[in-house]
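Examining the three-dimensional arrangement
Okay, here's what each chain looks like letter by letter:
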Amino acid sequence: MSRRRSPGRRRRKVAVAATVVVALGGAAAAATGVDLTPSPGNTADGTAADPPAETAEVTRQTLVETRTESGRLGFGETTTATARIDGTLTGLPDVGDVVDRGEAMYSVDDAPVVLLHGSLPAYRTLEPGVEGDDVAQFEENLAALGYEWFTVDDTFDWATAAAVTAWQRDLGWRRTGTVDPGRIVYAEGAVRVGAHQAAVGDLLTTGTALFGYTATDRVVEVDLDTSDRDVAETGTAVEVTLPDGTTIAGKVVDAESVVDTAEDDSEQDRTVLRVTVAVDEEALTGLDEAVLSVGFAVSRREDVLTVPVAALLASAEGGYAVEVVTDGRTRLLPVELGLFADGRVEVTGEGLAPGMTVGMPS
């Protein structure tokens, strides 16, 4: 479990469509007191000669109940770049710069410390005879940079050393044929430079904080209760609503329990599930930091019959019906209710079929 500060301590509201609809439906039933027995003007079998002014269709579809949470648009988790060797800091990238594979993260004693791609940190000197996953990771990077006259595997041999010597020559490093772990930094991909914590000219020791950095693509971060992990599993599709009301697709790429640190002594730290949602970068054009709405699917019903919620009629004795319209005449058909979502409700009832027309009470 990692410990990080959330940008805000306000607990976010949860909007569950089903709860709201049921509450409103109950209120409407109490107000109308609709009775399912034949009303004046109806025939004995519950049919009527006057069809309703407004109607809707019974449809067969998939209903998804969505829960909406507030999310923060940003660049995701910040990692701190720290010095891996002693010396004088002679170069720093500017805030907002993007550093990619083979480029300098910073310079110490007028020689670059280079970014490579990978998840395994550099932890030992690489030289002929060394074998392991760290060798394979380094050789993959060396080949990607165009130094290809060796076999990419998990063994650092003399052919690898020759390629390293050429790479060191191009970087202006001392040509040794070995790789000092203090001169390389691994990240999953290109990085975006954040706020500086050191300045050019500072004397560095191992562990000195230099600057923060993030991934280059913006993401949306949402804090959920830790019990909500089942609705935010990695790979889960979500809907993200932009400030102008536009809805775009998103996907959960990470969900991690973190400690949300209180900003003052009057509040307590709490553990939250921090969910990271990836979205199409092009859809975010013109947006900087912003609060967005993220919809998580909490219930799903496949291939069910549905009607608009407004088509339901509630009886004084309990239960619901819909007013089926056939050839200009109507009849009341009792129904059982299921999932509510997007203004519609799952219904089942004897004789109910897709394509039927139902009345919409005014």
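These remarks concern the structure in this document. (Residues numbered from 1 in each chain as written. Predicted model: local features only at pLDDT ≥ 70, side-chain atom pairs only at ≥ 80, totals over all residues. Heavy atoms only, no water.)

1. Quick notes on the environment of Leu 92
How we decide: Secondary structure elements follow DSSP: runs of H or I of four or more residues count as helices, runs of E of two or more count as strands, with numbering from the N terminus. We call two residues in contact when some of their heavy atoms are within 4.5 Å.
Counting through the fold element by element, Leu 92 comes out in the loop between strand S6 (87-91) and strand S7 (98-99). In sequence terms Leu 92 and Ala 104 are twelve residues apart; their C-alpha atoms lie 8.7 Å from each other. The residues contacting Leu 92, other than those within four sequence positions of it, are Tyr 106, His 196, Ala 198, Ala 199, Val 200 and Phe 211.

2. Thoughts on unusual backbone geometry
Heads up, the rule is: When accessible area is computed with a 1.4 Å probe and restricted to protein chains, residues below 20% of their type maximum are described as buried, those above 50% as exposed, and intermediate ones as partly exposed.
For Asp 109, which is not glycine, the phi dihedral falls at a positive 55 degrees. The class for Asp 109 is partly exposed, based on a relative accessible area of 44%. Phi angles above zero are rare outside glycine, and Asp 342 is one such case at about 55 degrees. Tracing the backbone shows Asp 342 in the loop between strand S21 (329-341) and strand S22 (344-348).

3. A few points about the nonpolar core
Note the following rule: Residues grouped as a nonpolar core are buried Ala, Val, Leu, Ile, Met, Phe, Trp, Tyr and Cys residues, joined through side-chain atoms within 4.5 Å.
Ranked by internal contacts, the top residues of the largest apolar core, which has 22 residues, are Phe 138, Leu 142, Phe 156, Trp 167 and Ile 184. When residues of this core are traced back to their parent elements, those giving at least two are strand S9 (111-117), helix H2 (133-144), helix H3 (158-171) and strand S10 (184-187). At five residues, the largest contribution of residues to this core is made by H3. Residues in contact with Leu 142, not counting those within four places in the same chain, are Tyr 147, Phe 150, Thr 160, Ala 163, Val 164 and Trp 167. Formed by 21 residues, the second largest nonpolar core is a distinct cluster that contains Ile 248, Val 252, Val 275 and Ala 290.

4. Concerning the sheet that holds strand S5 (residues 79-82)
Worth spelling out the cut-off: Here, any two strands with at least 2 DSSP bridges between them count as paired.
Strand order across the open sheet formed by four strands is S5-S13-S11-S7, with antiparallel pairing between neighbours. With partners counted over all chains shown, the strands left at the sheet margins are S5 and S7, one partner each.

5. Quick word on the sheet that holds strand S8 (residues 104-108)
Within a sheet, neighbouring strands are paired by backbone hydrogen bonds and run either parallel or antiparallel to one another. Within the open sheet, the five strands sit side by side as S10-S9-S8-S6-S12. Their pairing is mixed. Here the strands that pair on one side only, and so sit at the sheet edges, are S10 and strand S12 (203-204). Here S9 runs beside S10; their pairing, made up of four bridges, is parallel. Looking at the pairing, Leu 115 lines up with Val 185 of S10.

6. Describing the pairing of strand S4 (residues 59-74)
For S4 and strand S18 (residues 290-308), the ladder comprises 14 bridges, and the chain directions are antiparallel. From the neighbouring strand, Thr 68 faces S18, where its bridge partner is Gly 295. In terms of strand pairing, S4 meets strand S14 (residues 219-224) through three bridges, oriented antiparallel. The partner of Arg 72 across the bridge, within S14, is Glu 221.

7. A short note on the pattern of salt bridges
To keep things clear, this is the line we draw: Criterion for a salt bridge: a side-chain nitrogen of Lys or Arg within 4 Å of a carboxyl oxygen of Asp or Glu.
In total, this model carries twelve salt bridges according to the counting rule given. Across the pair Arg 301 and Glu 346 runs a salt bridge, and its minimum N-O distance is 2.7 Å. Placement of Arg 301 in strand S18 and of Glu 346 in strand S22 is noted, with a sequence separation of 45 residues between them. The class of Arg 301 is partly exposed, set by a relative accessible area of 38%. Connected through shared salt-bridge partners, Arg 72, Glu 221, Asp 223 and Arg 274 make up one network.

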